[in-house]
Amino acid sequence: MSIFLKFYLYLFFITTLFSFEQGRVVNTEIIEYESLEQIQSNIINELGNVGIVSQYGATIYRILYETLDGYGDSTVASGVFAVPDSEQEAFGIVSWQHGTQIERQSAQSNRGFDILSRAVSSSGFIFVASDYIGLGISNDIHPYILKEPSASSVIDLIRAIRSYFDEDISICLNRQLFLIGYSEGGYVTLAAQEAMENDFEDEFEITISFPMAGPYDLSGTMVNKMLEDDIYGEPFYLPYLLYAYITYYPNMGSVQEYFSTDFALVVDDQYSGIYGSGYLNDYMNENSYNPPKLSLNSGIVSDFESNPNHILRLALQENDLHDWAPKSKTYLFHAIADELIPYQNSVESFNRFIDNGSQDVFLELLPESYGGHQEAAPYAILTAFSTMQEFQLINPIGDVNHDGSIDIIDVINIVNIILDRESIQLDSYLVWASDINKDSAINIYDIIQLVGIIYFQE
C-alpha cells in the first residue's frame, strides 16, 4: 500500500469516529491510461476478432469508498472505474460483479485494466467494479455468498461513482445503469438488484440486469450439490461459504463444531485471503477433502440433513435470492452443462419470479455444446455485452431530454428550465446537458450555442 493511500485511510478512520456515510468517496487515483489504439490492440491480442470495435481511449481509476461490512458496521472497500476519453458526451454505468476470488491481492484495483474493462469503457460505458468486502484494500473476512454485504459493496460503489462525477461538471453520467455478473458475481448482481428495487427504488433505476450462473438457490439446489459424494471441481467453495457464515452469524457456532478436527486447525489460515484458489484446491485434493463435505464434521452433516430448522439451513434460506419479484428487465444466463453451479439455480429463480408476478424476466439456458461453468462464461458475457449495446445511450452535451440526439425539443427544454427554474428539479445530468458553454449557468447563451450546433449538424 502506498504512503499516499495510508495517509488517506488514516484520515478516514479519524473522520469515521464522528461520521459515516455509505458511498462516500475516500480516495481516487489513476491506475493507467490506454489510447483507443492500445485498447483495440489488446482486445484483438486476447480475444481475436470477435467484433468488439473500440471507440474511445480510457482511463482506469482505483477508488476507496465507505460501505458496510458483514456485521453492518462501517468499513472501507476498494474498487475500480474506467472512463471513456470524452468530455462532450455522457455515458451509462456498467457495474461488473466478478466471480469467486479469495486472494486479497488479486483484486482488480491492484491490477488495472483487464479485457472486460477495456471492452466496456472503450465502447462508451463507465465500467465500475467492486473488489468486494475482504478483497483489495479490505482486510475483513470476505462475506462469501451473503446477500446484504454483497449488495452493499455494489450499491455504495455506484453511489461513490455518482458522487465523484457530481464533483466534476465537465464529465457526466447519463441515467442508464446496467448490472452484470458471473458465478459469485451473478449472485452479487441479483442481490444488488433486489436491494435497489425493494429498498432504494427512488435512488436507482436499472436499465437491464444480467445475473449469470449464480448460486441463487442456496438452501435447495446448492445444498444438494455440496452434499453429493462426487468429486467437485472447486472443492474450496464449500469451506469458503461455511467459514463466512460462521464468521458473520455469531450464533451459528465455531469452526471446531463444523469442520473436521484437522481441517479446523488450518481453516483460519487457509481462508485469510493470503492464498489463491489453486493452492486451496490442491490442499483439499491432496488431503482427501474432496468431495468437499469430507472437510466437515460428520456429526454436523447428519444434524443438518435431519433437522429442517438447523441454524445453517435457516441462514442459507435467509440468503436465497428468489423470494421477490424483479421489476427491471432481467436476463438470467446459465449453462446447462454447468458442473459447479447447476443451472437449476436459475430455473428455480426464474419460476419463482414469474410466480411472484415479474413480467420482464427472461431465462437464457446455454446449450451443452457451450461447455461447463468456466467454458460458458465468455459466451454469456459477450451475449450480455451485445445486448447492452442494443440499449445503450451515449448522450451528447445538449441532449437535455436524454434521448441520444440533439434537436429542437432540447432547445424547448432549456427554455423551460430558464423560465420555470423553481419547479424543475435539476439533477446533475440536466445541469451538464443544459450548460452548453460550460460557464456554470443556464441561460440564453446556452440556447444560442445549442441552436448553432443543431444548425451545423444538419
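You'll find the structure just up there.
Structure report, in brief.

Conventions used here
Residues numbered from 1 in each chain as written. Predicted model: local features only at pLDDT ≥ 70, side-chain atom pairs only at ≥ 80, totals over all residues. Heavy atoms only, no water. Helix = DSSP H or I, 4+ residues; strand = E, 2+ residues; numbered from the N terminus. Rg over C-alpha atoms; globule rule 2.2 N^0.38 Å. Buried < 20%, exposed > 50% of the residue type's maximum accessible area, 1.4 Å probe, protein only. Contact = heavy atoms within 4.5 Å. Areas by Shrake-Rupley, 256 points an atom, 1.4 Å probe, with all protein chains shown as cover. Lys, Arg positive; Asp, Glu negative; His and termini not counted. Charge placed at Lys NZ, Arg CZ, Asp CG, Glu CD. Phe/Tyr/Trp six-rings, centres within 6.5 Å; stacked < 30°, edge-to-face > 60°. Salt bridge = Lys/Arg side-chain N within 4 Å of Asp/Glu carboxyl O. Patch = residues over 30% accessible without salt bridge, like charges linked within 9 Å, V, L, I, M, F, W, Y side chains within 5 Å. Polar contact = N/O pair within 3.5 Å; in protein donor to acceptor, adjacent residues only side chain to side chain. Arc of directions from axis to C-beta. Expected span 1.5 Å × (residues − 1). Core = buried A, V, L, I, M, F, W, Y, C linked by side-chain atoms within 4.5 Å.

## Section: the overall build of the protein
So, step 1. Within the protein one finds 17 helices and ten strands.
So, step 2. Computed over C-alpha atoms, the radius of gyration of the protein comes to 24 Å, within 12% of the 23 Å expected from 2.2 N^0.38 for 458 residues, which places it in the range of a compact globule.
So, step 3. In terms of principal-axis extent, the alpha carbons of the protein reach across some 80 × 50 × 45 Å.
So, step 4. Expressed as a percentage of its 458 residues, the buried residues of the protein come to 56%.
So, step 5. For the protein, the proportion of contacts with a sequence separation of at least 24, taken over those separated by at least 6, is 76%.
So, step 6. Total accessible area on the protein is roughly 19,600 Å²; 50% of this is exposed by carbon and sulfur atoms.
So, step 7. Side-chain charges of the protein comprise 18 positive and 65 negative groups, with the mean position of each set lying 3 Å from the other.

## Thoughts on the packing of aromatic side chains
So, step 1. Following the criterion strictly, the structure yields 29 aromatic pairs and no others.
So, step 2. For the ring pair Trp324 and Phe353, a centre distance of 5.4 Å and an interplane angle of 70° mean the geometry is edge-to-face. Pair noted here: Trp324 is in the loop between helix 12 (311-318) and strand 8 (329-335) and Phe353 is in helix 13 (residues 344-355), with a separation of 29 residues, a long-range link. Neither residue differs from the other here; Trp324 and Phe353 are each classed as buried.
So, step 3. Note on Tyr429 and Trp432: the rings are 5.9 Å apart at their centroids and 45° apart in plane angle, and the pair reads as tilted. Placement of both Tyr429 and Trp432 in helix 16 (residues 428-434) is noted, with a separation of three residues, approximately one turn of the helix.

## Observations concerning the pattern of salt bridges
So, step 1. For the structure shown, the criterion picks out 14 salt bridges.
So, step 2. With its nearest N and O atoms 2.8 Å apart, the salt bridge here joins Glu34 to Arg118. With Glu34 in strand 1 (residues 25-34) and Arg118 in helix 3 (residues 115-122), the pair connects residues that are 84 residues apart, well separated along the chain. Comparing Glu34 with Arg118, the two get one shared label, buried.
So, step 3. Residue Lys329 pairs with Asp360 through a salt bridge whose shortest N-O separation is 3.4 Å. With Lys329 in strand 8 and Asp360 in the loop between helix 13 and strand 9 (361-366), the pair connects residues that are 31 residues apart, well separated along the chain.
So, step 4. Taking relative accessible area as the criterion, Asp360 reaches 26% and is therefore assigned partly exposed.
So, step 5. Bridged by salt links that share partners, the residues Glu21, Arg24 and Glu66 form one connected network.

## A word on the environment of Thr207
So, step 1. Examined against the element boundaries, Thr207 turns out to sit in the loop between helix 5 (184-199) and strand 7 (208-212).
So, step 2. Separated by 28 residues in sequence, Thr207 and Leu179 have C-alpha atoms that sit 8.2 Å apart.
So, step 3. The residues contacting Thr207, other than those within four sequence positions of it, are Gln176, Leu177, Phe178 and Lys329.

## Notes on a nonpolar patch on the surface
So, step 1. Among the surface-exposed residues, Leu47, Val50 and Leu382 lie close enough to one another that they form a single nonpolar patch of about 220 Å² accessible area.
So, step 2. Looking at the element boundaries, Leu47 is found in helix 2 (residues 36-47).
So, step 3. Under the relative-accessibility criterion, Leu47 is labelled partly exposed at 37%.

## Comments concerning the side chain of Ser346
So, step 1. Counting through the fold element by element, Ser346 comes out in helix 13.
So, step 2. For Ser346, a relative accessible area of 0% puts it in the buried group.
So, step 3. For Ser346, the side chain forms a polar contact with the side chain of His334, separated by 2.7 Å.
So, step 4. With residues up to four places along the chain from it excluded, the contact list for Ser346 reads Tyr216, Leu332, Phe333, His334 and Leu363.

## As for unusual backbone geometry
So, step 1. Residue Pro291 is reached from Asn290 by a cis peptide bond, and omega for that bond is 10°.
So, step 2. Relative to the assigned elements, Pro291 resides in the loop between helix 10 (277-286) and helix 11 (298-306).
So, step 3. Not every positive phi belongs to a glycine, and Ile145 is a case in point at roughly 60°.
So, step 4. Inspection of the secondary structure assignment puts Ile145 in the loop between strand 5 (125-130) and helix 4 (147-166).
So, step 5. Non-glycine residue Ser440 carries a positive phi angle of around 65°.
So, step 6. With respect to the helices, strands and loops of the structure, Ser440 is situated in the loop between helix 16 and helix 17 (444-457).

## Digging into helix 10
So, step 1. Looking only at helix 10, the buried set comprises Leu280, Asn281, Tyr283 and Met284. Down the axis of helix 10, the buried side of the element spans an arc of 160°, and every buried residue falls inside it.
So, step 2. Remark: Ser288 follows helix 10 within two positions and exhibits a positive phi of approximately 60°.

## A short note on helix 14 (residues 373-391)
So, step 1. Helix length check: helix 14, at 19 residues, gives a terminal C-alpha distance of 27 Å against a target of 27 Å (1.5 Å per residue), a fit within 8%.
So, step 2. What helix 14 keeps buried is the set His373, Ala376, Ala377, Ala380, Ile381, Ala384, Phe385, Thr387 and Met388.

## Let's talk about the nonpolar core
So, step 1. In terms of nonpolar packing, the biggest core is built from 84 residues, with Ile161, Tyr245, Phe259 and Tyr271 touching the most fellow members.
So, step 2. The element contributing the most residues to this core is helix 7 (residues 237-248), with ten residues.
So, step 3. In this structure Phe259 touches Pro239, Leu242, Tyr243, Ile246, Ala264, Val267, Ser295, Leu296 and Asn297, once residues within four positions along its chain are discounted.
So, step 4. Counting 35 residues, the second largest nonpolar core, distinct from the first, contains Leu116, Val120, Ala213 and Phe385.

So, to be careful, I would describe these as geometric facts and stop short of saying anything about function.
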